[in-house]
Amino acid sequence: MRLFLALMPPPALRRRLGELAEWAHAHCGGRRVPDESLHLTLAFLGEIPEAQAEALSTWVAGRDVPEGEWRPDAWGAFRRPGIVWVGSQTPDRALVSLQASLWHDLERQGITGRPSRFIPHVTLLRRARRLETAGLTPPDLVWPYRQVALVRSFTDQYRARYQTLARSPLT
Ligand code: 3AM
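Just so it is clear, the structure is predicted and the values come from calculations on it, not from any experiment.

Criteria and thresholds
- Residues numbered from 1 in each chain as written.
- Predicted model: local features only at pLDDT ≥ 70, side-chain atom pairs only at ≥ 80, totals over all residues.
- Heavy atoms only, no water.
- Pairing = 2+ DSSP bridges.
- Helix = DSSP H or I, 4+ residues; strand = E, 2+ residues; numbered from the N terminus.
- Axes fitted to C-alpha atoms, helices over the stretch in contact; angles between N-to-C directions.
- Contact = heavy atoms within 4.5 Å.
- Buried < 20%, exposed > 50% of the residue type's maximum accessible area, 1.4 Å probe, protein only.
- Polar contact = N/O pair within 3.5 Å; in protein donor to acceptor, adjacent residues only side chain to side chain.
- Expected span 1.5 Å × (residues − 1).
- Arc of directions from axis to C-beta.

**Thoughts on the sheet that holds strand β3 (residues 40-47)**
Part 1: Pairing in this open sheet of four strands is antiparallel, and the strands run β3-β1-β9-β10 from one edge to the other. Strand pairing shows two members of the sheet lacking a second neighbour, β3 and β10 (160-167), which therefore form its edges. Neighbour-to-neighbour, the strand axes of the sheet open up by a mean angle of 30 degrees, direction not taken into account.
Part 2: Pairing of strand β1 (residues 2-7) with strand β9 (residues 149-155) involves five bridges; the strand directions are antiparallel. Looking at the pairing, Phe4 lines up with Val151 of β9.
Part 3: With respect to the sheet, helix α2 (residues 50-61) is in contact with β1, β3, β9 and β10, its orientation differing from that of β10 by roughly 60 degrees.
Part 4: Of the strands in this sheet, β1 and β3 touch helix α3 (residues 93-108), which is tilted by about 20 degrees from β3.

**Considerations on the side chain of His121**
Part 1: As for its placement among the helices and strands, His121 is situated in strand β7 (residues 121-126).
Part 2: For His121, a relative accessible area of 17% puts it in the buried group.
Part 3: A distance of 2.6 Å separates the side chain of His121 from the backbone oxygen of Ile119, its partner in a polar contact.
Part 4: Leave out the neighbours within four places in its chain, and His121 touches His39, Leu40, Thr41, Trp70, Phe78, Trp85, Val86 and Gly87.

**Section: helix α1 (residues 11-28)**
Part 1: Over its 18 residues, α1 runs 25 Å from end to end, which matches the ideal 26 Å to within 8%, given 1.5 Å per residue.
Part 2: Within the sequence span of α1, burial applies to Leu13, Arg14, Leu17, Gly18, Leu20, Ala21, Ala24 and Cys28. Summarising the axial view, the buried residues of α1 lie within an arc of 165 degrees, below the 170-degree limit, and thus occupy one face. What points out from α1, more than 90 degrees from its buried face, is the exposed set Pro11, Ala12, Arg15 and Ala26.
Part 3: In this structure, the buried residues of α1 make contact with β2 (31-32), β5 (74-78), β6 (83-87), β7 and β8 (143-145).

**Some words on α3**
Every α-helical turn comprises 3.6 residues, leaving residues that sit three or four positions apart pointing alike.
Part 1: If you check α3, its first and last C-alpha atoms are 23 Å apart, about what 16 residues at 1.5 Å a residue would give, namely 22 Å.
Part 2: Those residues of α3 that fall on the buried side of the exposure criterion are Leu95, Leu98, Gln99, Leu102, Trp103, Asp105 and Leu106. Burial along α3 is one-sided: seen end-on, the buried residues are contained in an arc of 160 degrees. Of the exposed residues in α3, the ones pointing more than 90 degrees away from its buried face are Arg93 and Arg108.
Part 3: For α3, the N-terminal capping position is held by Asp92, with its side-chain oxygen 3.2 Å away from the main-chain nitrogen of Ala94.
Part 4: Gly110 lies just past α3 and shows a positive phi near 90 degrees.

In C-alpha cells:
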C-alpha cells in the first residue's frame, strides 16, 4: 500500500485552506483538492508491504512529536505537475527538523526515498491551467500541530483518497 506521513489540519484551518483552494481555483483552474484531503506531507514512503505497514503504524503510535506552529504565508507552484500550493516563504526550521528526524527513523526501518530538498507546502490545486499566483492575496495562516499521521493513499474510481492508519501520541 502507498503510505505517507503528514500533518492533518485542525478543522477550522481545513475550512480556511478550502477557501484558499476556491480562490486559487477561480484564478488558476485545474483540479481543486477536496477539503477532506488537504494535508502537509512530511515524508512520502511509497509502496509498502502490509506487514511493514503494521510495524510502521506501531512506530508512529509511539513516536513523540514536538508540538509546533507553522505559519504559511506564501503561494507557490510546482511547474511540471501543475501544482499550486500554500507554504512559507522561508523554510520553517521546526518543520524541516521534524521532517529530518522522521526520515532518520524511517531509514533505520529500511525505507528509502528521502528527498534532497523539503519544501513544506499544502497542495491546493493539481493540473492548474495557470501557475501565476502573484495576483493572489498572500495567505495569513496559523497551523498549530501536535501529531503526525501515517496515511494510506489509494485511488477509487475518480480520485486519490486518504485513510489515516495511525497517529503519534498526544503528549
Ligand atoms: O503533499 P503533496 O500533495 O505535494 O504528490 C503526492 C502528495 O504530495 C506525493 O505524496 C503526497 C501524498 O500522496 N507523492 C505521490 N507520489 C509520489 C512519489 N512517487 C509523491 N512524492 C514523491 N514521490
